[in-house]
Structures are given as C-alpha cells and as structure tokens.
Amino acid sequence: MFPASKDLTILFAHPAYQMQQRFEARGTGVPCAQVTSREDLAARIGTADVVVVSGLWDNALLERAPKLRFVQSISAGVDQYGQDAFRAKGVRLASAQGVNANAVSEHAMALILAAARLLPQARDNQAKHHWRPMIGEIAQREDELGGKTLLVVGLGRIGGRLARLAKAFDMRVIGLRRDPAAGAEGADEVHAIGSLRDWLPQADIVALTCPLTPETTGLIDAAALAAMKPTARLVNVARGKVVDENALVAALREGRIAGAALDVTVQEPLPQASPLWDLPNVFITPHSAGETQRYEDNVIDILLENLGRLQRGEAQLRNQIV
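Residues numbered from 1 in each chain as written. Predicted model: local features only at pLDDT ≥ 70, side-chain atom pairs only at ≥ 80, totals over all residues. Heavy atoms only, no water.

Break down the pattern of salt bridges for me, with residues and values.
Under the counting rule described, the total for this entry stands at 20 salt bridges. Notably, a salt bridge pairs Lys148 with Asp143, separated by 2.9 Å at the nearest N-O pair. With a relative accessible area of 22%, Lys148 lands in the partly exposed category. For Glu185, the salt bridge is made with Arg177, and the minimal N-O distance between the two is 3.8 Å. According to the relative accessible area criterion, Glu185 is partly exposed, its value standing at 32%. Classification of Arg177 by relative accessible area gives buried; the value is 14%. (Salt bridge = Lys/Arg side-chain N within 4 Å of Asp/Glu carboxyl O. Buried < 20%, exposed > 50% of the residue type's maximum accessible area, 1.4 Å probe, protein only.)

Okay, here's the thing in structure tokens:
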C-alpha cells in the first residue's frame, strides 16, 4: 500500500523553482523539504517516499532511495529517467505534460510577433538612443501576420494552442503530427509529420513544438532548411536537438532563410563562443518559454492528483510514464 499522507515524506529538488513554499501554502500537512543541488539530492533522497524533480535527477539515485515509491517530474520531458530501472525498482513515474502548454504556446506566439514587428531591433535601437527613421525599402519594414502561413511541427497541447492563437491573427495554419487522425487542434489542415518536406516550401513561419524523440532529433537539417522560403523564419520552442544547429547557422549567415527565434539550443546555457549570439537575424530567449508565475502551482496540482490516485490504489496516474 502507498503511504497515507501523514506517513509521507516529499522531497522537492530544483535549483530555482519554489516548490516547497508553494506546496506548504496548500496546507496539506504532508512533511516536505527542498534541495537545490545534485549533491544535496543524493544526500537526502534516502528519506523520501516521493521526489518531485526534473534536471537534477540521476538514475543512480534509485540505488540510494530504499523508501522511494513515486517520482513526479517537474517537466514535461522524461528523457532523463531510465524507465526500465524505475520498473525494476517498482517506482512509479509521471510527467508534468501540459503544465506549461499555455506558457509555451504564448511564448511561441510572442516570438512570431517579435519577428514580424522587428521588436528585437527596436529594443536594440532604444539601448542606443536611436530613433529609427521610416524605411523606404519594403522588404526591410515590419510585417503583418494576416494571410501568412504558419507550419506547426508537433500538434499536441502546445502546438494545438499555438494554432488557435495564430488563427486569431488571421494566419493560415498547417499542423503536422505523428497521427493526423488525432485531430487538427484548431489548424486549417493536419498532416503526418513525415510529410514535413512537402509543406516547408509553403510556410512563412515554421514553429517547432514537438517532443524530442529519435524521429525528431535533427528533423530540421540542411535539406529541410533548403526547402524553406528565403523569406521564412524558424521558431523553436521544442528542444535544441530537433535542429541541426550548424546547418541553421550556415543558412542564417548565407541568407537562405530570413531569421530564427530560438528559446532552446543544443547546449544550454548557450556557449559564449556560439555564433548564434551575434547573428543579426537571430532572436534568443534562455529556455524561458515554460516559466510563469503559476508554474509551481500547476505542477503541484498534478502532484496532488497523483498522490490521491496512488493512495486509493488506482492503477493509472495522470501523465503516467511508469
């Protein structure tokens, strides 16, 4: 049997998020603590029945956690967890899928708007106290989104909401997903993700909202970039490894695509030597798309639901992985 609330010990592990503080505000009375480093997590995991964690996780910790019954991931991604090892130890695992769907879709829309309205350039001009004059060259001006085609690669919760947001700006939206029969989610049409190369030439903006899987790793490679319009922009709020970064840098330098807005990169933090920092047609945010003032509470909603299911002996968890 899963321990009752009075017998549980929950260990939150995250370097920044205030998980313990927000959990204690719920008044559950369940004992809990928080660590902010791998070293402290390793030192204290032996006391925990439940661990709520994401980037600090290491599969070797399973050997140091005799009481551990359940891991609630703070993030939607679960590639850091060895699922076979979890099964062998009888430890349940659930993701936080959907917890940041609103935040990431809104961030993607913000990046699209920033690119169209030249907001990064305006901010740069403000820092220089430069009032830009009106622009005679039509192609160099701000643009409108109405009538433009957005290709959403990964039409899940994030991609589906992005599609609905884009429709509010009168964009044409084409969605790609692994199973088109799962629905259009607000897009004008939906196709299999395997048909990517067929749709890239139609897109004014290509937005990546797909999970990182063996199938999507390197999905946007040199050939995919070559298939895009020279006036098109790439927006990535998925994972850095979905894009061949060297091929992207080459395409941006040579003007084979108009620009890119990136919330994720292959290496994070982005190395100081990366050419992406200094390319004038790149806008970078520091993997902050999913961060909101409500993030901790959204995760805790999932955690509490899953604790209730475990205590009732239910077999299925919300966002169950193991």
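Moving on from the model shown.
An account of helix α9 (residues 245–253) is requested, with residue identities and associated values reported.
All of the buried residues along α9 are Ala247, Leu248, Val249, Ala251 and Leu252. Lining the buried residues of α9 we find α8 (222–227), β10 (233–236), β11 (259–262) and β12 (282–284). Following α9 by one or two positions, Gly255 has its phi on the positive side, about 70 degrees. (Helix = DSSP H or I, 4+ residues; strand = E, 2+ residues; numbered from the N terminus. Contact = heavy atoms within 4.5 Å.)

Outline the sheet that holds β10, listing residues and values.
Ordered by their spatial adjacency, 7 strands build an open sheet running β8-β7-β6-β9-β10-β11-β12, and the pairing between neighbours is parallel. The two strands at the open ends of the sheet, each matched to only one other strand, are β8 (189–192) and β12. Pairs of neighbouring strands in the sheet enclose a mean axial angle of 15 degrees, with direction left out of account. The pairing of strand β7 (residues 172–177) with β8 spans 4 bridges and is classified as parallel. Across the sheet, Gly175 pairs through a bridge with Val190, a residue of β8. Contacting β6 (149–153), β9 (205–208), β10, β11 and β12, helix α4 (residues 101–116) crosses the sheet at an angle of about 155 degrees to β10. α9 contacts β10, β11 and β12 of the sheet and is inclined by roughly 140 degrees relative to β11. (Pairing = 2+ DSSP bridges. Axes fitted to C-alpha atoms, helices over the stretch in contact; angles between N-to-C directions.)

Tell me about the pairing of β6, residues and numbers included.
Buried residues dominate β6, accounting for 5 of its 5 residues. With burial as the criterion, each face of β6 is covered, one bearing Thr149, Leu151 and Val153 and the other bearing Leu150 and Val152. Sheet analysis places β6 next to β7, joined by 5 bridges and oriented parallel. When the bridges of β7 are listed, Val152 appears paired with Gly175. In this region the chain leaves β6, passes through helix α6 (residues 157–168) and returns to the parallel neighbour β7; the handedness of that crossover is right-handed. Where β6 lies against β9, 4 bridges are found, and the strand directions are parallel. By the bridge assignment for β9, Leu150 is matched with Ile205. (Right-handed = clockwise from strand over helix to strand, strands pointing away.)

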